[in-house]
Amino acid sequence: MRQAGRYLPEFRELRAEHNFFKIVQTPPLACEITLQPIRRFQLDAAIIFCDILVINQALGMECVMVPGKGPTFPQPIAKPEDLKRLDKDVNVQDKLSYVFSAITLTRQELKGQVPLIGFAGAPWTLMAYSIEGEGSKTYSKSKKWLYTHVEASHHFLQILTDVIVPYLVCQVEAGAQLLQVFDSHAGILGKDLFCTFSLPYLKQIVTRVKDSLRSKSIEPVPMIVFAKDAHYGLEELNNSGYDVVGLDWTIQPQQARAVMSKVSLQGNLDPCAMYCNKDDLTSKVKQMLSQFGTQKYIANLGHGMYPDFPPESLETFVNAVHEISEKMNQ
């Protein structure tokens, strides 16, 4: 689960001692936070502690974590000419070596207990952050580019894609056993813009990553795409080349199953259901599993964990998934 550690007291203790990006850039600390949920709960996989915006940092953009505000770019990309500031020829293996070291260390520490997931942000989502400079309700600055700077938008998206691809390949070489691509701001686009400015780059990533791994005689790992709020694009995502499509909580499981026969599905309990009492949460998990079924399916939330979720709720969720699905499979 995205940000699976930040609701844990042991995470908050570590976070109080270290700057966010200091943790990301220090392999033993990133490893420790990755392992914290695994020690507490019977999760079926671990996801490396990192941040999608390390790609932007590798390209030369300063990104700082502002308390109460989140990730912020002091000098956002305001106009097409600003793209010249980016280090398009960045050596990904060197610049982001701390991520790969954290993955290798975590694989060693996991000792085969569960697989380890690596990830990256999708080009459109990273572009949106770069132009807005911070989170936004409308993302109007970045969407304006798609209408007024079409060529520059594609150029920017290709720059990002050309860094994301080797970044994901290096994660597998370091030990990642699955990969996930997060297009967190897909829903702000709508179908036409998504199919023009997001989907082609998502497809390029999965094709190039798998081809690159094969060229290195490495078996391609399963790849997951999560395009949040992209309910308009289920058929397109089904044909995108990814092995698994993550769904947010606004999508009906039956609707997804009807049009997504080529892929496995992941999701999609409303994260705020974690505020429920134990019985109600268990009931909601049962309903979710009955709608998705137990085959070609990864049970998960429809987005990330929130900082104020009770850790006991995740324990209830995970145990309910295991117990109910086992009964369904009998």
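Preceding this section is the structure that the text describes.
Residues numbered from 1 in each chain as written. Predicted model: local features only at pLDDT ≥ 70, side-chain atom pairs only at ≥ 80, totals over all residues. Heavy atoms only, no water.

Draft legend 1. Molecular detail of the overall build of the protein chain. Check the secondary structure of the protein chain and you find 15 helices and nine strands. Each principal axis of the C-alpha atoms in the protein chain carries an extent, and together these give about 60 × 45 × 45 Å. For the protein chain, the residues scored as buried account for 55% of the 330 residues in total. For the protein chain, contacts bridging at least 24 residues in sequence account for 70% of all contacts bridging at least 6. (Helix = DSSP H or I, 4+ residues; strand = E, 2+ residues; numbered from the N terminus. Buried < 20%, exposed > 50% of the residue type's maximum accessible area, 1.4 Å probe, protein only. Contact = heavy atoms within 4.5 Å.)

Draft legend 2. Focus on the pairing of strand β9 (residues 297-301). The pairing of strand β8 (residues 264-269) with β9 spans five bridges and is parallel. Following the sheet pairing, Leu265 is matched in β9 by Tyr297. Running through helix α14 (residues 278-292), the crossover from β8 to the neighbouring parallel element β9 is right-handed. (Pairing = 2+ DSSP bridges. Right-handed = clockwise from strand over helix to strand, strands pointing away.)

Draft legend 3. Representation of the layout of surface pockets. Estimated volume of the second largest pocket: approximately 210 Å³. In this structure, the second largest pocket is lined by Trp249, Ile251, Gln252, Pro253, Asn268, Leu269, Asp270, Ala273, Lys284, Gln287, Met288 and Gln291. Elements with a minimum of two residues in the lining of the second largest pocket: β8 and α14. Considering only residue class, the lining of the second largest pocket consists of six nonpolar, four polar and two charged. (1 Å grid on protein atoms, 1.4 Å probe; cavity = no way out; pocket = protein on both sides within 12 Å on 5 of 7 lines; lining within 4 Å. Points joined across faces, edges and corners; volume = space filled by probe spheres on them. Nonpolar A, V, L, I, M, F, W, Y, C, P; charged D, E, K, R; others polar.)

Draft legend 4. Main features of the sheet that holds strand β7 (residues 244-246). Pairing in this open sheet of seven strands is parallel, and the strands run β1-β4-β5-β6-β7-β8-β9 from one edge to the other. What marks the edges here is a single partner per strand, and that holds for β1 (46-47) and β9. In the sheet, β1 pairs with strand β4 (residues 116-121) via two bridges, with the strands oriented parallel. Residue Ile47 lies in a different strand from β4, and its bridge partner there is Ile117.

Draft legend 5. The arrangement of the nonpolar core in detail. Counting residues in each nonpolar core, the largest one holds 125 residues, and the members touching the most others are Leu96, Tyr167 and Phe317. Ranked by the residues each element gives to this core, the list is headed by helix α9 (residues 150-174), at 14 residues. (Core = buried A, V, L, I, M, F, W, Y, C linked by side-chain atoms within 4.5 Å.)

Draft legend 6. Representation of the packing of helix α1 (residues 9-17) against helix α3 (residues 27-40). Axis separation between α1 and α3 bottoms out at 10 Å; the angle between their running directions is 165°. One way to sum up the angle between α1 and α3 is to call them roughly antiparallel. α3 is crossed by α1, and the crossing has right-handed handedness. Seen from α1, the contacting residues are Pro9, Glu10, Phe11 and Leu14; seen from α3, they are Leu29, Glu32, Ile33, Gln36 and Arg40. Considered class by class, the residues forming the contact of α1 with α3 number five nonpolar, one polar and three charged. (Axes fitted to C-alpha atoms, helices over the stretch in contact; angles between N-to-C directions. Parallel < 35°, antiparallel > 145°, perpendicular 65-115°, else oblique. Left-handed = near helix turned anticlockwise from the far one by under 90°.)

Draft legend 7. Region of interest: the state of the cysteines. A complete count under the given rule lists zero disulfides for this structure. Here Cys63 is not cross-linked by a disulfide; its sulfur's nearest cysteine counterpart is in Cys50, at 12 Å. Left without a disulfide partner, Cys276 is nearest to the cysteine sulfur of Cys272, which lies 9.4 Å away. (Disulfide = S-S within 2.5 Å.)

Shape descriptors only; they carry no functional weight alone.
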